[in-house]
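Results of the structural survey
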Amino acid sequence: MENKLVVNGLKFVPYLKEDEIMKQVRRVASELRRDLEGKQPLFLCVLNGAFIFAADLFREIGINDAQIAFVRYASYEGTSSTGKVRQMMGLPENIEGRDIVIIEDIVDTGLTADRMIADLKAKNPASVRFATLLHKPASTKTGFVPDYVAFSIPPKFIIGYGLDLDGKVRNLRDIYVNSED
Ligand code: 5GP
């Protein structure tokens, strides 16, 4: 496992190892398979942060009819939420009647999740499910509860496995936590 890290002057320590992450990814995949077997689900990977989680989760799903598309929503700058939520881009034209699974990296305030689900429901899908790698329940202000969670964590700043700090360190295989939080 990699050691302590300093990124943009902030100190980080190892938090979740690659093998623990993969174990939980496989558990979430099996829950999704149980709930979606026999359907043709459309997974929506929320760029940029969820791209590594989505790649691992999607390969573990075991439903050959499953499809994936990539959407983008940005609400974060630096280490604290700006509170702004921008528009979703990249959604396939017609999702009417589809079983949608949003794949997100992390739910913090819940603002992005609420907005995304509302935008999708306006397009009349059959169902909308929400899978997240990380959830910070203590920071979630909107009452939003994700359907599938790999890890519930305290309200600390996390990097690695797709999650960035100002665009950096997404490539780390393990997840790190800001030790000064
Ligand atoms: P929310 O709308 O739930 O407040 O924010 C969700 C987005 O904030 C996530 O998709 C992610 O981009 C960003 N975010 C929230 N917490 C963290 C964190 O601990 N680390 C990183 N790298 N991004 C975070």
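Everything here concerns the structure above.
These lines cover the structure that appears in this document, whether it is placed above or below.

Calculation notes
Each chain has its residues counted from 1, following the order in which its sequence is written. Under the rules for a predicted model, residues below a pLDDT of 70 receive no local features and side-chain atom pairs below 80 are neither given nor counted, while totals for whole chains, interfaces and linings still include all residues. Excluded from the side-chain calculations are hydrogens and water; all other atoms, namely the structure's heavy atoms, are used. The near set for a molecule or strand comprises every residue that places at least one heavy atom within 4 Å of it. Per-residue accessibility takes into account occlusion by the displayed protein chains alone, with areas from the Shrake-Rupley method and a 1.4 Å probe. The helix count covers DSSP runs of H or I at least four residues long, the strand count covers runs of E at least two residues long, and both are numbered beginning at the N terminus. Note on pairing: DSSP must find at least two bridges between two strands before they are called paired. Angles here are taken between N-to-C directions and fall from 0 to 180 degrees, while the axes themselves are lines fitted to C-alpha atoms, restricted in helices to the stretch in contact. Only heavy atoms enter the contact rule, under which two residues are in contact if any of them lie within 4.5 Å. Remark: nonpolar core denotes a set of buried residues (Ala, Val, Leu, Ile, Met, Phe, Trp, Tyr, Cys) joined through side-chain atoms within 4.5 Å. Exposure categories follow from relative accessible area, calculated using a 1.4 Å probe and restricted to protein chains: below 20% of the type maximum is buried, above 50% is exposed, and the middle band is partly exposed. Working rule for helices: expected span equals 1.5 Å times residues minus one. His is not counted, nor are the chain ends, whereas Lys and Arg count as positive and Asp and Glu as negative. By definition, a salt bridge exists where a carboxyl oxygen of Asp or Glu is found within 4 Å of a side-chain nitrogen of Lys or Arg.

Bringing the site of the ligand into the picture now. The environment of the ligand is formed by 17 residues, the closest being Thr109, Thr112, Lys136, Ile158 and Asp164. Summarising the interface, the protein chains cover 92% of the accessible area of the ligand, which totals 520 Å² for the free molecule. Mapped by element, the contributors of at least two residues to the shell around the ligand are strand S7 (99–107) and helix H3 (111–121). Counting residues per element, the shell around the ligand draws most heavily on S7, which supplies 4 residues.

The next subject is the sheet that holds strand S3 (residues 42–47). Ordered in space as S4-S3-S7-S8-S9, the 5 strands form an open sheet in which the pairing is parallel. Unpaired on one side and paired on the other, strand S4 (67–72) and strand S9 (148–152) mark the two borders of the sheet. With direction set aside, neighbouring strand axes in the sheet form an average angle of 20 degrees. In this structure, strand S8 (residues 127–135) lies alongside S9, joined through 4 bridges in parallel fashion. Residue pairing across strands places Leu134 opposite Phe151, the latter belonging to S9. Contacts from helix H1 (residues 18–36) reach S3, S7, S8 and S9 within the one sheet, and its direction differs from that of S9 by about 160 degrees.

Turning next to the nonpolar core. Within the largest apolar cluster, 32 residues are counted, with the highest numbers of intra-cluster contacts made by Leu32, Leu57, Leu133 and Leu134. When residues of this core are traced back to their parent elements, those giving at least two are H1, S3, helix H2 (51–60), S7, S8, S9 and strand S11 (175–178). Broken down by element, the residue count for this core peaks at 7 residues, all from H1. When near neighbours in sequence (up to four residues on either side) are disregarded, Leu134 contacts Leu16, Asp105, Ile106, Val107, Phe151, Ile153, Ile158, Leu163 and Ile175. Residues Leu42, Val71, Tyr73 and Ala113 belong to the second largest nonpolar core, which totals 18 residues.

All right, on to the environment of Ala69 then. Examined against the element boundaries, Ala69 turns out to sit in strand S4. Taking relative accessible area as the criterion, Ala69 reaches 11% and is therefore assigned buried. With 69 residues separating them in the primary sequence, Ala69 and Ala138 have C-alpha atoms 30 Å apart. Setting aside residues up to four positions removed in sequence, Ala69 forms contacts with Leu42, Phe43, Leu44, Cys45 and Pro92.

Turning our attention to H1. The periodicity of an α-helix, 3.6 residues per turn, causes residues three or four positions apart to be oriented the same way. With 19 residues, H1 should cover 27 Å at 1.5 Å per step; its first-to-last C-alpha distance of 26 Å lies within 8% of that length. Buried residues of H1: Ile21, Met22, Gln24, Val25, Val28, Ala29, Glu31, Leu32 and Leu36, and no others. Of the residues trailing H1, Gly38 is marked for its positive phi of about 85 degrees.

Once that is clear, we can look at the side chain of Glu104. Relative to the assigned elements, Glu104 resides in strand S7. With no salt bridge to any partner, buried Glu104 finds its closest opposite charge in Arg170, at an N-O distance of 9.0 Å. Excluding residues within four positions of it along the chain, Glu104 makes contact with Val46, Ala50, Phe53, Thr112, Met116, Phe130, Ala131, Thr132 and Leu133.

Another aspect to go through is the sheet that holds strand S10 (residues 158–159). Reading across the sheet, the 4 strands line up as S1-S2-S11-S10 and stay open at both edges, with antiparallel pairing between neighbours. With one partner strand each, in any of the chains shown, strand S1 (5–7) and S10 form the two edges of the open sheet. Strand direction decides the pairing type here: strand S2 (residues 10–16) and S11, joined by 4 bridges, are antiparallel. Bridge assignment links Leu16 to a residue of S11, and that residue is Ile175.

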